[in-house]
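# Per-entry structural report
Residues per chain are reported as follows:
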Amino acid sequence: MFVFAFLEVTTLMIAEDNDLGVLHGLLVLSLLWWSWSLFAWLGNRVRANYGTARLTLLATTPVMFVLAVTPREAFQDSPGGIDTPLWFVGCYLAVRCCYLILRRYSSPQLRARDVLALTVPPVVAAGLLTGAALLPRTALPTDRMLAAQVLLWVLAGIVDYVAGQALPLPPRMIFSARHWTERHNLIVIAALGEVLIAVGIAGSQLTNSIGLLAASALAVVVAGALEWIYIDLSTLVGEHALRAAPPAERVVLARDCYSFLHLPMIAGIMLLALGFKHMPSSGGSAVPAGT
């Protein structure tokens, strides 16, 4: 699901007709990332291959896919069809509801206060996103409407990230350092795959040339070098630190170094993919009209 979501994020950055495309893409990425990160935490405490956990994740997958195909119109709906911004909000909330169901199932000792603390942030964030989705229907001038949309999305992210951590949540735990680092390895690899897809899509509109082929090969080298740095350095150091840390400190390391600091890392890869989508324009000749 997230391989396609990453593709849609970079497409949003390019498709926007205003200068806010990159910012819009990063805002969408931040909400998608937090949804993924919550399931990474959950996957470290419950087995996902049988029983209720398996059925809940199976139900979440098509909802997540629908969420992944909506970012291009998450801010401004195209004429005709469904109201995509509201569908984005609905799918976002549905994914979070699936998470809450599985979280409650995996932690039967949760008190009512704990369930409330887990429920309030996504509901408030969804309300802010709904307000942003409805803004284009108002009589606000375009520049003010766009600024208000960004503000509401930023507030939604703050609520989801900051308030979600500040509320008195039940204790978190990292049961398996290997599983935790492996999950993040795979999401980084998926993001790096978007770099290669970006070059392939951009080059598909050009005739083959030495410059285009060289640019494509260079993109593979760059993506491979980044993967090498991460897998052979960051992953090993991170896993060793998690294993060596006491339980409470392990949770802090997992939250700060993975849930939080991996977001700018993924965002950087998305921006690299965005650059590669533009790169072939100087590496080959445009395909003549009518061919």
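Just above sits the structure.
Residues numbered from 1 in each chain as written. Predicted model: local features only at pLDDT ≥ 70, side-chain atom pairs only at ≥ 80, totals over all residues. Heavy atoms only, no water.

## Some details on the overall build of the protein chain
This is how the line gets drawn: Strands are runs of DSSP state E lasting at least two residues, helices are runs of H or I lasting at least four, and both sets are numbered from the N terminus onward. The globule rule is 2.2 Å times the number of residues to the power 0.38, and the radius of gyration it is compared with is taken over C-alpha atoms. Under the scheme applied here, a residue whose accessible area is under 20% of the maximum for its type counts as buried, over 50% as exposed, and between as partly exposed, the area being computed with a 1.4 Å probe on protein chains only. Only heavy atoms enter the contact rule, under which two residues are in contact if any of them lie within 4.5 Å. Accessibility throughout is a Shrake-Rupley quantity obtained with a 1.4 Å probe, and a residue counts as covered only by protein chains that appear here.
Regarding its fold elements, the protein chain presents ten helices and zero strands. Mapped in sequence order, the helices and strands of the protein chain form the string α-α-α-α-α-α-α-α-α-α. Taken over the C-alpha trace, the protein chain has a radius of gyration of 20 Å; the compact-globule value for 291 residues is 19 Å, and the two agree within 12%. Its C-alpha atoms give the protein chain principal-axis dimensions of about 65 × 55 × 35 Å. Within the protein chain, the fraction of its 291 residues that count as buried is 44%. Residue pairs in contact within the protein chain that sit at least 24 positions apart in sequence constitute 81% of those at least 6 positions apart. Summed over its atoms, the accessible surface of the protein chain is roughly 14200 Å², and 69% of this surface lies on carbon and sulfur atoms.

## Observations regarding the packing of aromatic side chains
Cut-off, in case you're wondering: When the centres of two rings from Phe, Tyr and Trp lie within 6.5 Å, Trp using its six-membered ring, the rings pair. Their planes under 30 degrees apart give stacked, over 60 give edge-to-face, and anything left gives tilted.
Summed over the entire model, instances satisfying the criterion amount to ten aromatic pairs. Pairing Phe-75 with Trp-153 gives two aromatic rings, centres 4.4 Å apart and planes at 25°, and the pair type is stacked. Taken together, the positions of Phe-75 in the loop between helix 3 (51–68) and helix 4 (84–106) and Trp-153 in helix 6 (residues 142–166) put the pair 78 residues apart, joining distant regions of the chain. Overall, Phe-75 belongs to the buried group, its relative accessible area being 1%. Three or more aromatic residues joined by ring pairs make a cluster, and in this case those are Trp-34, Tyr-161 and Phe-260.

## Structural notes on the environment of Trp-41
As a reminder of what qualifies: We define a polar contact as two N or O atoms separated by no more than 3.5 Å, with the added condition that, inside protein, one atom must be a possible hydrogen donor and the other a possible acceptor, whereas residues neighbouring each other in sequence contribute only through side-chain atom pairs.
Turning to its location among the elements, Trp-41 is positioned in helix 2 (residues 21–43). According to the relative accessible area criterion, Trp-41 is buried, its value standing at 13%. Other than its neighbours up to four places away in sequence, Trp-41 contacts Arg-172, Met-173, Ile-174, Trp-180, Val-251, Ala-254, Arg-255 and Ser-259. A polar contact of 2.8 Å, which involves the side chain of Trp-41, links it to the side chain of Ser-259.

## Considering the nonpolar core
Put simply, the rule reads: We define the nonpolar core as a collection of buried residues of types Ala, Val, Leu, Ile, Met, Phe, Trp, Tyr and Cys that are connected through side-chain atoms lying within 4.5 Å of one another.
Of all hydrophobic cores here, the largest spans 74 residues; its most connected members are Phe-6, Val-28 and Trp-153. The leading source of residues in this core is helix 2, at 13 residues. Discounting residues that sit within four places of it in the chain, Val-28 has contacts with Val-9, Leu-12, Pro-71, Ala-74, Phe-75, Phe-88 and Trp-153.

## Side note on the pattern of salt bridges
What counts here: A pair is scored as a salt bridge if a Lys or Arg side-chain nitrogen falls within 4 Å of a carboxyl oxygen belonging to Asp or Glu.
According to the stated counting rule, one finds seven salt bridges in the structure shown. With its nearest N and O atoms 3.0 Å apart, the salt bridge here joins Glu-239 to Arg-243. Pair noted here: Glu-239 and Arg-243 are both in helix 8 (residues 210–244), with a separation of four residues, about one helical turn. Glu-239 sits in the buried class, given a relative accessible area of 10%. One continuous salt-bridge network, built from bridges that share partners, spans Arg-178, Glu-239 and Arg-243.

## A word on the environment of Arg-255
By secondary structure assignment, the location of Arg-255 is in helix 9 (residues 247–260). For Arg-255, a relative accessible area of 28% corresponds to the partly exposed category. The spatial distance from the C-alpha of Arg-255 to the C-alpha of Gly-200 is 35 Å, given a sequence separation of 55 residues.

## Looking at the layout of surface pockets
As a reminder of what qualifies: Note on definitions: the grid is 1 Å and covers protein atoms alone; a cavity is a set of points where a 1.4 Å probe fits but cannot get out; a pocket is an open set with protein on both sides within 12 Å along at least five of seven lines; lining residues have an atom within 4 Å of a point. Grid points are joined across faces, edges and corners, and a volume is the space filled by probe spheres set on the points. Polar here means any residue other than Ala, Val, Leu, Ile, Met, Phe, Trp, Tyr, Cys and Pro, which are nonpolar, and Asp, Glu, Lys and Arg, which are charged; Gly is therefore polar.
Estimated volume of the largest pocket: approximately 630 Å³. If you go around the largest pocket, you meet 22 residues; those closest to its centre are Trp-36, Phe-39, Ala-40, Leu-57 and Arg-183. Those elements that place two or more of their residues in the lining of the largest pocket are helix 1 (2–15), helix 2, helix 3, helix 4 and helix 7 (177–203). For the lining of the largest pocket, the element with the highest residue contribution is helix 2, accounting for six residues. Taken together, the residues that form the lining of the largest pocket break down as 16 nonpolar, five polar and one charged.

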